[in-house]
Amino acid sequence: MKKQGFFFSLLASMLMLYACDESPSEEKVDPVFSFLVGTYTESGYQGIQMLSFDPQKMALTSKIIAPTQNPSFVIANKAQNLVFSVEETAGENGGKVKSFKFDRMEGTLELISVLDTFGDHPCYLSLDPSEGFLVVGNYSGGNLSVYKVNEGELVHVQTIQHEGQSINASRQEKAHVHSTVFHPDGKKLLVGDLGSDKIHIYDFHPDYSVPLVPSNPAYIEVTPGSGPRHLVIHPKGDQFYLVHELSAELGVYTYAAGKISQTQTLPLTNPNYSGAVGAAEVRISADGKFVYASNRGDANEISVFEIGNDKKLSLVQRISSGGQMPRNFNLSPDGEFLLVAHQASNDIVVFERNTKTGELSKTDLRFSIPKPVYLYALP
């Protein structure tokens, strides 16, 4: 019995020593979120910026990672090793589109290619779901160009010119392509044309020599004078939400079997509002339950809508954006914050977000950046 007791005592001591020698469990590292920032530039030292947001310290830092003229729209691929940017300029062959090799850890961009966009003032970029093609929307050119992506090297394959106008003589004198968005199934491309008050629909055939072909129907018309700008498609693919820039409204559209119909139009201003407007961006929360839209002009507000079980939207909140000209905004990857980029007040303002109600609460965090006009959240 004494030997047995000694054995158990020795075993217990060895287990205690083993437990003491174990390295402590790794502490949870709080996330720091990164965003690519598209800007308008006034010198050769400005360009694409990389913004870091630390929610625990409530701190923002930023650095220029590629001097570029007017990189007003910037996106990355899923692997986070390629970045694409416009140069929102005009010239004999339009503006420019650029591709870069991206080292996220080091926060650096290495230029791969620069091509003409064949339309003035490119303002929108999108990759198809397979990331084999890049589409550029040219605002002043009223057209869109398609590029094949060969390991980051861009090859121009197609340009489609839009025609038409609408009732706002100063803004809708001709076609103005303002967004090019692929459906999640990868079979269609939806194009918001502010100048003609149309949403164009294209069939996407990646194996064709010219991959975009007008669908049937080729477009739908929205209310004259609305001015289609940016749109976002619900993760389920059955609805999308379109900012009507000129009328400061949010349009709700159903999408089924390639057919589109409008179901709701919601104002981004209160009934007694009087002043200039300029609806800009629309985003949907990752859980597919809330839609957010910005309004510039004299309003400078963010509107929050909840998607009901009947798929209709209801207003949750309308709140000051905290600056001037909220051209763009985006949600943090965890959905708990919303960052607003103000073109006119040259800053980025941070809001906390209630993930259950969708409501926003402005924080004291404000960061100065010259003319920020686009925020791309890096996962």
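Just above sits the structure.
Residues numbered from 1 in each chain as written. Predicted model: local features only at pLDDT ≥ 70, side-chain atom pairs only at ≥ 80, totals over all residues. Heavy atoms only, no water.

Novice: I'm lost on the overall build of the protein chain in this one. Help?
Specialist: Along its length, the protein chain carries 1 helix and 28 strands. With respect to the three principal axes, the spread of C-alpha positions in the protein chain is 100 × 50 × 45 Å. Counting all 379 residues of the protein chain, 55% fall into the buried class. Across the protein chain, the fraction of contacts at a sequence separation of at least 24, relative to all contacts at a separation of at least 6, is 46%. Here the protein chain contributes 31 positive and 42 negative side-chain charges, whose respective centroids are spaced 4 Å apart. (Helix = DSSP H or I, 4+ residues; strand = E, 2+ residues; numbered from the N terminus. Buried < 20%, exposed > 50% of the residue type's maximum accessible area, 1.4 Å probe, protein only. Contact = heavy atoms within 4.5 Å. Lys, Arg positive; Asp, Glu negative; His and termini not counted. Charge placed at Lys NZ, Arg CZ, Asp CG, Glu CD.)

Novice: Explain the sheet that holds strand β21 (residues 290-295) here, please?
Specialist: Backbone hydrogen bonds hold the strands of a sheet together, and the pairing may be parallel or antiparallel. Across the sheet, 4 strands lie side by side as β20-β21-β22-β23; this open sheet has antiparallel pairing. Two strands lie at the open edges of the sheet, namely β20 (279-284) and β23 (313-320), each paired on one side alone. Put simply, the sheet's adjacent strands are angled 20° from each other on average, direction ignored. Where strand β22 (residues 301-307) and β23 come together, 7 bridges link them in antiparallel fashion. Paired with S303 across the bridge in β23 is R318. (Pairing = 2+ DSSP bridges. Axes fitted to C-alpha atoms, helices over the stretch in contact; angles between N-to-C directions.)

Novice: Please explain the layout of surface pockets as it appears in this structure.
Specialist: Using a probe with the size of a water molecule, rolled over the atoms, empty space left in the structure can be pinpointed. In this structure, the largest pocket encloses a volume near 1,400 Å³. Mapped onto the lining of the largest pocket, the elements with two or more residues apiece are β4 (74-76), β8 (122-127), β12 (177-182), β16 (228-233), β20, β24 (326-331) and β28 (372-378). (1 Å grid on protein atoms, 1.4 Å probe; cavity = no way out; pocket = protein on both sides within 12 Å on 5 of 7 lines; lining within 4 Å. Points joined across faces, edges and corners; volume = space filled by probe spheres on them.)

Novice: Explain the nonpolar core to me, please; I cannot follow it from the model alone.
Specialist: It is characteristic of soluble globular proteins that their nonpolar side chains tend to be buried jointly. One finds L36, F84, L125, L134, L190 and F240 to be the most contacted residues of the largest nonpolar core, which totals 46 residues. Excluding residues that lie within four positions of it along the chain, L36 makes contacts with Q49, I65, V74, I75, A76, V83, F102, Y374, L375, Y376 and L378. Core analysis: the next-biggest nonpolar cluster, separate from the first, contains 16 residues, L51, L339, A341 and A377 among them. (Core = buried A, V, L, I, M, F, W, Y, C linked by side-chain atoms within 4.5 Å.)

Novice: Could you clarify how one ought to interpret the pattern of salt bridges in this entry?
Specialist: Opposite charge on two side chains lets them pair, provided their charged atoms get close. Within this structure, the stated rule accounts for 12 salt bridges. For K78, the salt bridge identified is with E131, shortest N-O distance 3.7 Å. Residue K78 is found in the loop between β4 and β5 (82-87), and its partner E131 is found in the loop between β8 and β9 (133-138); the two are separated by 53 residues along the sequence. Take K78: its relative accessible area is 59%, and that puts it in the exposed class. The partly exposed category is assigned to E131, whose relative accessible area is 22%. The salt bridge involving K96 is made with D116; its shortest N-O contact spans 2.5 Å. With a gap of 20 residues between them, K96 in strand β6 (residues 96-103) and D116 in strand β7 (residues 108-116) connect regions that are remote in the sequence. (Salt bridge = Lys/Arg side-chain N within 4 Å of Asp/Glu carboxyl O.)

Novice: What exactly am I supposed to notice about empty space enclosed by the protein here?
Specialist: This model, assessed by the stated rule, comprises 1 cavity of 30 Å³ or more. One number sums up the size of the largest cavity: a volume of about 50 Å³. Along the walls of the largest cavity sit S72, F73, C123, H178, R229, H230, R327, N328, V373 and Y374, which together make up its complete lining. Counting residues per element, the ones that place at least two in the lining of the largest cavity are β16, β24 and β28.

Novice: Teacher, can you tell me more about the side chain of R327 here?
Specialist: Within the fold, R327 resides in strand β24. A polar side-chain atom of R327 sits 3.0 Å from a polar atom in the side chain of Y40. The residues contacting R327, other than those within four sequence positions of it, are Y40, S72, E88, R229, A280, E281, S294, R296, A341, Q343 and V373. (Polar contact = N/O pair within 3.5 Å; in protein donor to acceptor, adjacent residues only side chain to side chain.)

Novice: Can you help me understand the environment of Q239 in this one?
Specialist: Mapped onto the elements, Q239 comes out in strand β17 (residues 239-244). A relative accessible area of 4% places Q239 in the buried class. Placed 15 residues apart in sequence, Q239 and T254 show a C-alpha to C-alpha distance of 4.4 Å. Residues contacting Q239, with those up to four places away along its chain left out, are I233, H234, V252, Y253, T254, Y255, T263 and K311. At 3.4 Å, the side chain of Q239 forms a polar contact with the backbone oxygen of K311.

Scope: geometric values only; no functional claims are made or implied.
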